[in-house]
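Structural characterization, general
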Amino acid sequence: MSRLFRLTFVLVMLSAALCEATQAGTTTFVSISTPRGVQQAFILIKPDHPVASVVLFAGNDGALGLTSASSLKFGAEDFGMAGNFLVRSREKFAGHNFMVAVVDAPSDHQDGMPVPFRISKNHAIDIGAVAEYLKSQASVPVWLIGTSGAHGRRPGAPSARAATASRLTRLMAWC
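Rules behind the numbers
Sequence order as written defines the numbering, with residues in each chain counted from 1. In keeping with the model being predicted, local features are shown solely for residues with a pLDDT of at least 70 and side-chain atom pairs are shown and tallied solely at 80 or more, while totals for entire chains, interfaces and linings include all residues. Calculated side-chain values reflect all of the structure's heavy atoms, with hydrogen atoms and water omitted. In DSSP terms, a helix is any run of H or I states spanning at least four residues, a strand is any run of E spanning at least two, and both are numbered starting from the N terminus. Summary of the burial criterion: residues with accessible area below 20% of their type's maximum are buried, those above 50% are exposed, and those between are partly exposed, where the area comes from a 1.4 Å probe applied to protein chains only. Any two residues having at least one pair of non-hydrogen atoms within 4.5 Å are treated as being in contact. What sets the accessible areas is the Shrake-Rupley method with a 1.4 Å probe; for residues, cover comes only from the shown protein chains. Among buried residues, the Ala, Val, Leu, Ile, Met, Phe, Trp, Tyr and Cys ones that are joined through side-chain atoms within 4.5 Å form a nonpolar core. Multiplying one less than the number of residues by 1.5 Å gives the expected span of a helix.

1. Regarding the overall build of the chain
Across its full length, the chain carries 5 helices and 6 strands. Burial status across the chain gives 45% buried among its 175 residues. For the chain, long-range pairs separated by at least 24 residues make up 71% of all intrachain contacts whose partners lie at least 6 apart in sequence. As displayed, the chain has an accessible area near 9500 Å², and 59% of this comes from carbon and sulfur atoms.

Structure (structure tokens):
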């Protein structure tokens, strides 16, 4: 009897852990005005009790073309920006109680963000506005995470020093 009880207990606990990791939260499309007067769009996934916020930057030119919360749907054959590692992993982050912002290129760079823009003060201003928005949603640390071209290619770049970000994580894609 006690063995059956232990087995049942373990299975219930595992089920609860798996369910918790898969409940991502509410997904919305957000577009904010930044201090420099442009629109900065992002997909926001907000769990009930976030432990931290992560701002995910797609590599390459970073232009995702977001227009709605479902803009990032992609199929198995899609290897475009929606198929980017971090963009694809957004639900995994949210499933572990991270509030997630998947940022698009700002309205004045919808064709893409070249490296000079990504390391510019203007980009830092835009991302600082996103970080402030996230802070207004939950009083938790804000971490910036980027792959490949998203990290600005040089340590200490202004985009890496967005005013309210608590951490910067750079993931290098080695192809």
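The rest of the description comes next.
2. Focus: unusual backbone geometry
Positive phi, close to 60°, is recorded for Asn-60, a residue that is not glycine. Note that Asn-60 resides in the loop between β3 (52-57) and α2 (85-88). Residue Asn-60 is classed as exposed on the basis of its relative accessible area, which comes to 56%. The backbone of Asn-97 sits at a positive phi, close to 70°, despite the residue not being glycine. Considering the arrangement of structural elements, one finds Asn-97 in the loop between α3 (90-95) and β4 (98-103).

3. Let's talk about the nonpolar core
Of all hydrophobic cores here, the largest spans 18 residues; its most connected members are Phe-42, Val-55, Val-103, Val-130 and Leu-134. Elements with a minimum of two residues in this core: β1 (26-33), β2 (39-46), β3, β4, α5 (121-137) and β5 (142-147). Looking at this core element by element, the count peaks at 5 residues for α5. Ignoring anything within four residues of it in the chain, the contact list for Val-55 reads Ala-101, Val-103, Val-130, Leu-134, Val-142, Trp-143, Leu-144 and Ile-145. The next biggest cluster of nonpolar side chains, apart from the first, holds 15 residues, and it includes Ile-45, Leu-56, Leu-64 and Val-100.

4. Details of α5
With 17 residues, α5 should reach 24 Å at 1.5 Å per residue; the first-to-last C-alpha distance of 24 Å fits that figure. Along α5, the positions that sit buried rather than exposed are His-123, Ala-124, Asp-126, Ile-127, Gly-128, Ala-129, Val-130, Ala-131 and Leu-134. Next to the buried residues of α5 lie β1, β2, β3, β4, α4 (115-118) and β5.

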